[in-house]
Amino acid sequence: MKKISHWAMLPLLAGAVACQSNSSRDDQTTATDTTQTHMFTSDAAFLQKHHPDLVILKEGNAQVLICPAYQGRIMTSTADGETSYGWINRELIASGKLGPHMNAFGGEDRFWLGPEGGQFAIYFKPGVEFNGDNWQTPAPIDSEPFTLVSKDERSARFSRNFELTNYSGTQFSVGVEREIHLLRSEQINQALGATGIPLSDSLKIVGVESVNTLINRGKEPWMKEKGLLSIWILGMFNASPKATIVVPFQPGKGPAINDSYFGKVPASRLIQKDSVAFFRADANERGKIGVAPARAKNWLGSYDPNSRTLTLVTFTFNPAHRDYVNSAWEIQKEPYAGDVVNSYNDGPMKPGQPQMGTFYELESSSPAAALSPDGRLTHTHTTLHIQGESAQLDQIARQWLGVSLDEIVHAF
């Protein structure tokens, strides 16, 4: 179930696109500055300057920024009207230029498709070698816009139809429908309060979900033997020196955590307990982990003591579904033995080399989509950012991540 990600070819990207962090003062804040507070008003002004069609969802202080030009991507959000959670690649956006292979615009919920590598890859043309020179993110999920179908104060709908061809030559007529919802206070309260966690006005929460539907627009069924697609949602968040990612998992046979993406993650950066893994989110060393469907739970998260923000991510997941696309950059023996949960921490490719930016990722994938003509598969990915007193955050972390706030803070 080894799955080599798009980040495997970062050395190529680093030379073409030097990614930098967002700042409340300057579009060109350096990527090594991870102690600043990322200000939402600055991010909103920057994005509106470069994308006047920016969609803003709002309820009180809770706000969400969505960019139609970047496939209806959720760029960032705020719970208190001040703190901005999504990492934004200001330098690339301000340049107005497109880079090779992939355009890392940032954003805390972006729509991608898998698989990346293998005989059914959609990031490699038929017959080429699996290397960074030949790796290319399909333009419809990288540099081309989605159509804004409708919007109101709390939601926006997008759509796009396009064609893809995988490494084996299978052609796909693809339809995508994407809906973004700013969750109402009562929806958040119902989710987090269902088990008796006391909520109060002192908690600041923003909840946003993306409902992503993949459609077979062609006349032929999508079959495992010829290759299948899957929905892949990736969120880029601002890293912090003491931030920690939390990945719960189920008991079971086999390894719970796959850390073979870029070579084994050192123990100083990844700690695995009986039912949870802690992974550094400081953007100081590149690494990635994943969890297969047999061991996965549908919750993961992170905590940043700098902004006192607990982030929770949940997604639709049926443990009975075991076919997940494998993105390893090789001809695979098990093309449907991929991971359902992933997390990535950015960092320099080698000492002294540049990195993409100061971010980490929380990701989820849908099962492989064996769809008949006009068939549909929907994958919902929900992100909650919660700021409040430590005692309140501790109760929420215990319930949804299975560990105390103190365990997260002192994991390393």
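Residues numbered from 1 in each chain as written. Predicted model: local features only at pLDDT ≥ 70, side-chain atom pairs only at ≥ 80, totals over all residues. Heavy atoms only, no water.

Caption draft 1: The arrangement of the overall build of the chain in detail. Within the chain one finds six helices and 18 strands. Dimensions of the chain along its principal axes, counting C-alpha atoms only, are 55 × 50 × 45 Å. The buried share among the 412 residues of the chain stands at 60%. Contacts in the chain between residues far apart in sequence, at least 24 positions, make up 72% of those at least 6 positions apart. Here the chain displays about 15900 Å² of accessible surface, and carbon together with sulfur accounts for 48% of that area. (Helix = DSSP H or I, 4+ residues; strand = E, 2+ residues; numbered from the N terminus. Buried < 20%, exposed > 50% of the residue type's maximum accessible area, 1.4 Å probe, protein only. Contact = heavy atoms within 4.5 Å. Areas by Shrake-Rupley, 256 points an atom, 1.4 Å probe, with all protein chains shown as cover.)

Caption draft 2: Just the layout of surface pockets, in detail. Taken as a whole, the largest pocket spans an internal volume of roughly 310 Å³. Along the walls of the largest pocket sit 17 residues, with Ser185, Ile188, Leu203, Lys204 and Ile205 positioned nearest its centre. Contributing elements (two or more residues each) for the lining of the largest pocket: helix H4 (185-193) and strand E8 (204-216). Residue contributions to the lining of the largest pocket peak at four residues, all from E8. A breakdown of the residues in the lining of the largest pocket according to their chemical character gives nine nonpolar, five polar and three charged. (1 Å grid on protein atoms, 1.4 Å probe; cavity = no way out; pocket = protein on both sides within 12 Å on 5 of 7 lines; lining within 4 Å. Points joined across faces, edges and corners; volume = space filled by probe spheres on them. Nonpolar A, V, L, I, M, F, W, Y, C, P; charged D, E, K, R; others polar.)

Caption draft 3: The pairing of strand E16 (residues 341-345), seen in detail. For E16, a buried count of five out of five residues is recorded, marking the element as mostly surrounded by other parts of the structure. Residue alternation in E16 divides its side chains into two sets, Val341, Ser343 and Asn345 and Asn342 and Tyr344, and both sets are buried. In this structure, strand E13 (residues 287-291) lies alongside E16, joined through five bridges in antiparallel fashion. Along E16, the bridge assignment pairs Lys288 with Tyr344. (Pairing = 2+ DSSP bridges.)

Caption draft 4: The arrangement of the sheet that holds strand E18 (residues 376-387) in detail. A sheet is described by the order of its strands in space; here ten strands give the open sequence E5-E6-E7-E8-E18-E15-E14-E10-E12-E11, paired in antiparallel fashion. With partners counted over all chains shown, the strands left at the sheet margins are strand E5 (147-151) and strand E11 (270-272), one partner each. Averaged over all neighbouring strand pairs, the angle between strand axes comes to 15 degrees, with direction disregarded. Of the pairings in the sheet, the one linking strand E10 (residues 244-248) to strand E14 (residues 299-304) comprises three bridges and is antiparallel in character. Directly across from Thr244, in E14, lies its bridge partner Tyr303. Relative to strand E15 (residues 309-315), helix H5 (residues 390-401) is tilted by about 25 degrees, and along the sheet it contacts E10, strand E12 (276-280), E14, E15 and E18. (Axes fitted to C-alpha atoms, helices over the stretch in contact; angles between N-to-C directions.)

Caption draft 5: Geometry of the side chain of Arg295. For Arg295, the position within the fold is in the loop between E13 and E14. Nearest to the buried, unbridged Arg295 among oppositely charged side chains is Asp274, at 8.6 Å. Reaching out from Arg295, the side chain makes a polar contact with the backbone oxygen of Gly254 at a distance of 2.5 Å. (Lys, Arg positive; Asp, Glu negative; His and termini not counted. Salt bridge = Lys/Arg side-chain N within 4 Å of Asp/Glu carboxyl O. Polar contact = N/O pair within 3.5 Å; in protein donor to acceptor, adjacent residues only side chain to side chain.)

Caption draft 6: Representation of unusual backbone geometry in the model. Residue Gly114 is joined to Pro115 through a cis peptide bond whose omega torsion reads 5 degrees. You will see that His101, though not glycine, has its phi angle at about 75 degrees, which is positive. Note that His101 resides in the loop between helix H3 (90-95) and strand E4 (110-114). In this structure His101 comes out as buried when scored by relative accessible area, which is 12%. Non-glycine residue Arg308 carries a positive phi angle of around 55 degrees. Within the secondary structure layout, Arg308 lies in the loop between E14 and E15.

Caption draft 7: The nonpolar core, seen in detail. Residues Ile66, Val174 and Leu214 are the most contacted members of the largest nonpolar core, which totals 54 residues. Secondary structure elements with two or more residues in this core: strand E1 (55-59), strand E2 (62-67), E4, strand E6 (155-165), strand E7 (171-182), E8 and strand E9 (230-238). Apart from the residues within four sequence positions on either side, Val174 is in contact with Arg160, Asn161, Phe162, Leu164, Leu214, Ile215, Arg217, Trp222 and Leu229. Among the nonpolar cores identified, the runner-up in size contains 26 residues, and Val247, Ala281, Val340 and Leu362 belong to it. (Core = buried A, V, L, I, M, F, W, Y, C linked by side-chain atoms within 4.5 Å.)

Caption draft 8: Molecular detail of the sheet that holds strand E3 (residues 73-78). Strand order in the open sheet formed by three strands is E1-E2-E3, and the pairing between neighbours is antiparallel. Each end of this open sheet is capped by a strand with a single partner; those strands are E1 and E3. Taking each pair of neighbouring strands and ignoring which way they run, the sheet shows an average axis angle of 15 degrees. Of the strand pairs in this sheet, E1 and E2 are connected by five bridges, and their pairing is antiparallel. In the strand pairing of E2, Glu59 is matched with Ala62.

Caption draft 9: Structural detail: the side chain of His381. Structurally, the position occupied by His381 is in strand E18. Among the residues examined, His381 registers a relative accessible area of 1% and is labelled buried. Engagement of the side chain of His381 in a polar contact is seen with the side chain of Ser364, the distance being 2.7 Å. Once you skip the residues sitting within four places of it in the chain, His381 turns out to touch Asp109, Val208, Glu209, Ser210, Ile233, Val313, Thr314, Phe315, Leu362, Glu363 and Ser364.

Caption draft 10: Representation of helix H2 (residues 40-50). Within H2, burial applies to Phe40, Ser42, Asp43, Ala44, Phe46 and Leu47. Buried-residue contacts for H2 involve E2, E3 and H3.

Caption draft 11: Highlighting H5. For H5, the set of buried residues is Gln392, Leu393, Asp394, Ile396, Ala397, Trp400 and Leu401. Positioned one or two residues after H5, Gly402 has a phi angle of 80 degrees, which is positive.

Caption draft 12: Just the confidence of the model for the chain, in detail. Within the chain, residue pLDDT values average 90, and 90% of them lie at 70 or more. Residue range residues 1-35 is modelled with pLDDT below 50. Its contacts to residues more than four positions away, or to other chains, number 133 contacts. (pLDDT = per-residue confidence, 0-100.)

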